[in-house]
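# Geometric and topological summary
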Amino acid sequence: MMKINISYKKFYPIILASLLSLLSPVYGQLNERPNDPLGLSIREPYVQIIHSEDASLPGSSMYLQEVDPWLAYKMGGSYFQREWKKQQGVFAEMIPGNMLAATNSCAMCHNQPFRSPGAGGNSAEPLGIGRNTPHLFGAGLIETIGIQIRNQIMSLYDRNKNGFIDVPKESKGKRAIIRANFNQEVDLGALEDIDGDGIPDLNEVLLIKFVDSRGRARPFDEKGNHTNLHNDKIAGYDIAVGIFSSSESDHQFPTLRLFTAGVLQSILGFRVVDPTISNDHGMDRDAHAFDGWAETSNAGAPQLYSPLPPEGGKSIFLSQGDLDIFEWFLLNHPKPALNKQNEKTRRGYKLMESLKCTSCHIPDWEILPEDKRRGYPGDRRFFDLEVTYDTITDRLIGQLHPLSSYIQSEDGLIYHLPDRKGYVVKNIFTDFKYYDLGPQFYEYTYRDGRIDTTRLFRTSPLWGLGSSAPYGHDGLSPTIDEVIRRHGGAANTSARYYESISQEDQEAIIAFLQSLTLYQPDVLPTDINGDKRIDSMYIIDDIMLGQERFQPELLFNILPQYRGWIQNEAGDEYFSYEILNIDEAFGRNLKALKDEDRDGIPDILKIPEETIIDNKQKAFVRKRRNKDD
């Protein structure tokens, strides 16, 4: 199957949702209920986030990420969980051919466990069997691995540092071999075109972008056909890593931001305005004088260029700042956990090794420390949540580890800057490569009067497997045992070995895989202050905050003031998490977040320019209004 040039890929959803009727409102935990005594609802009303690349405007996206990163994380989580309304722009862009109006919330599909970007069942897909909804725990680590893979290859083989692989000078006789960890290498295929089809014989996880001698993207020839290495104007190619997808297809995404924008457009019908991914560096697109890359996001992920609608006009849209916060949440969301281990699960892991399952399902990946010369991003998160099984309480517990340095500015603000050190991603179990797993995994779609077959599927990361039934990219396997037996093709030997071992050994393997689990983060008992204990009543400066748990509100710059101990109508005493200082805690008094009339548009974009004293803010408002005119 020929690869489509990545610079011109349309946005298609990775996740397709079940149809949801919205004829009447649903009053549930995904709605806005600031006075919710359980603390499980969306706390704050939506207000459009203003994008910024520095922290000079209080309440703007970079201010939130660097000055109050836990508030930014909480707000991004509410974007994922909330039920979007028509007045906020959901279902506004009804583009024929897409699965629009399928849902009004990401959490309607990603909901196992609830109130987390978790797994789901099968969801509708045009023309196909359906899609299994994967969880997004640890998605930021996966994205960072993808960026690192790309730059490992380029630093090894782009010898003249012109930004692409020169053919044949830098490709002949070379293979894209990288190191996943200290012990294991991953061979991603040949950099040269051995079979003569004009395309490098690389694994399909690597997306190819053909360029001319100046590094300019040349996706099409003069006749409008896709270019390849046989074209005399093609000097080589650049690559990206389609790290987010289950199959080789036209919706392989290299970054969380592109994935998010695609789903928001194609599934929820939002009009997304994001110069971060649609800025072509101001070059002449008609002359193909751009390299196919857009900007690097505030969160540190280089973005492929993808066209989006302009910002002009008065229609409602999700903004560049909204995407900043959405990306921040997904980048930092914790990884899955390894639950209780015993003799059976440990034996199951050893059996996986002996059956060679871990030759493709590689257990651990190493994120190398930041290296600007080689393009290694380092660990871009601002915290790590280590979740382990506690034998004393017989439950999962968390330990919060900050990954940021703190810098205080002259104006007294404290900035949180990610350290970008190295990190070993444990128990992920994937090599990210695409394989032919045999006919039982093939997917058939009816398109334009013919049947198309998809034969190549990614080695699925196994972390979280125990909480994410059904299994397979199509969700057709209800049990772990069944999806293992279903493997053929490249995994045929290991699958047949599995069938030949005793039932006891099979059960040991399944027991280990079931211990790779998800959890509900916001109720997870967690040591968040590093004192090596988890308090049943967490108190800071005489403010009672309930049980110490992984709740971002407990780490805001301005702590929430909960109502505290009260009685219900039956006389039962309980701790109410209703927030009494909602505007202060959630930054609604910051200049870029003030929205007095609650229309979702910050007041700073509505007040007369001449009343603004701060020159930086005045310049920003003038620039923003010029875009809208």
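Residues numbered from 1 in each chain as written. Predicted model: local features only at pLDDT ≥ 70, side-chain atom pairs only at ≥ 80, totals over all residues. Heavy atoms only, no water.

Ranked by size, the top nonpolar core spans 111 residues in total, and within it Leu64, Ile153, Leu188, Tyr237 and Trp365 carry the most contacts. Element by element, the count of residues in this core is highest for helix 3 (residues 139–157), at 8 residues. Among all residues touching Trp365, those that are not within four sequence positions of it are Ile145, Ile149, Ile178, Ala180, Val186, Tyr423, Val424, Val425, Ile428, Thr430, Asp431 and Phe432. Counting 23 residues, the second-largest nonpolar core is a separate cluster that includes Leu355, Phe429, Leu437 and Tyr498. (Core = buried A, V, L, I, M, F, W, Y, C linked by side-chain atoms within 4.5 Å. Buried < 20%, exposed > 50% of the residue type's maximum accessible area, 1.4 Å probe, protein only. Helix = DSSP H or I, 4+ residues; strand = E, 2+ residues; numbered from the N terminus. Contact = heavy atoms within 4.5 Å.)

Each pair of packed helices can be described by the angle between their axes along with the distance between the axes. It is at 5 Å that the axes of helix 3 and helix 6 (residues 320–332) come closest, and there the two elements cross at 90°. In terms of orientation, helix 3 lies roughly perpendicular with respect to helix 6. Where helix 3 abuts helix 6, its residues Ala139, Gly140, Glu143 and Thr144 lie against Glu327, Leu330 and Leu331. The class makeup of the residues in the contact of helix 3 with helix 6 is 3 nonpolar, 2 polar and 2 charged. (Axes fitted to C-alpha atoms, helices over the stretch in contact; angles between N-to-C directions. Parallel < 35°, antiparallel > 145°, perpendicular 65-115°, else oblique. Nonpolar A, V, L, I, M, F, W, Y, C, P; charged D, E, K, R; others polar.)

Counting across every chain of the model gives 0 disulfides. Of all cysteine sulfurs in the structure, the one in Cys109 sits closest to Cys106, which takes part in no disulfide; the separation is 8.5 Å. With no disulfide of its own, Cys357 has Cys360 as its nearest cysteine by sulfur position, at a separation of 9.1 Å. (Disulfide = S-S within 2.5 Å.)

With that settled, the discussion passes to the side chain of Thr255. Locating Thr255 in the fold gives a position in the loop between strand 7 (236–241) and helix 4 (256–266). Once residues within four sequence positions are removed from consideration, Thr255 is found in contact with Glu143, Phe244, Ala301, Pro302 and Gln303.

Chain-level statistics for the protein chain give a pLDDT mean of 88 and a share of 87% at 70 or above. Note on residues 1–29: pLDDT under 50 across the span, and 103 contacts to partners over four residues away in sequence or across chains. Overall, residues 282–289 carries pLDDT values under 50, and its contacts beyond four positions in sequence, including any with other chains, amount to 13 contacts. (pLDDT = per-residue confidence, 0-100.)

Quick look at the sheet that holds strand 12 (residues 383–390) now. Sheet strands associate in pairs through backbone hydrogen bonding, adopting either a parallel or an antiparallel arrangement. Pairing in this open sheet of 3 strands is mixed, and the strands run 12-13-22 from one edge to the other. Pairing within the sheet leaves two strands with one partner each, and these edge strands are strand 12 and strand 22 (526–527). Here strand 13 (residues 395–402) runs beside strand 22; their pairing, made up of 2 bridges, is parallel. In the sheet register, Gly398 faces strand 22, and the bridge partner there is Thr526. (Pairing = 2+ DSSP bridges.)

Turning our eyes to something else, we now look at the packing of helix 7 (residues 343–354) against helix 10 (residues 503–514). The interhelical angle for the contact between helix 7 and helix 10, taken along N-to-C directions, is 100°, at an axis separation of 7 Å. In this view, helix 7 runs roughly perpendicular relative to helix 10, as classed from their interaxial angle. From helix 7, Lys344, Thr345, Arg347, Gly348, Tyr349, Leu351 and Met352 reach across to helix 10, where they touch Glu504, Asp505, Glu507, Ala508, Ile509, Ala511, Phe512 and Leu513. Residues belonging to the contact of helix 7 with helix 10 are distributed by class as follows: 8 nonpolar, 2 polar and 5 charged.

Moving on to the sheet that holds strand 6 (residues 206–211). In spatial order, the strands read 3-7-6; together these 3 strands make up an open sheet with antiparallel pairing. In this open sheet, the two edge strands, each paired with only one partner strand, are strand 3 (165–166) and strand 6. Looking at chain direction, strand 6 and strand 7 are connected through 6 bridges and run antiparallel. Each bridged residue has a counterpart across the sheet, and for Leu207 the counterpart in strand 7 is Ala240. Where helix 3 meets the sheet, its contacts fall on strand 3, strand 6 and strand 7, and the angle it forms with strand 7 comes to roughly 155°.

Let's shift gears to a positive patch on the surface. A surface patch of positive charge is lined by Arg159, Lys161, Lys174 and Arg373. One can find Lys161 in the loop between helix 3 and strand 3. (Patch = residues over 30% accessible without salt bridge, like charges linked within 9 Å, V, L, I, M, F, W, Y side chains within 5 Å. Areas by Shrake-Rupley, 256 points an atom, 1.4 Å probe, with all protein chains shown as cover. Salt bridge = Lys/Arg side-chain N within 4 Å of Asp/Glu carboxyl O. Lys, Arg positive; Asp, Glu negative; His and termini not counted. Charge placed at Lys NZ, Arg CZ, Asp CG, Glu CD.)

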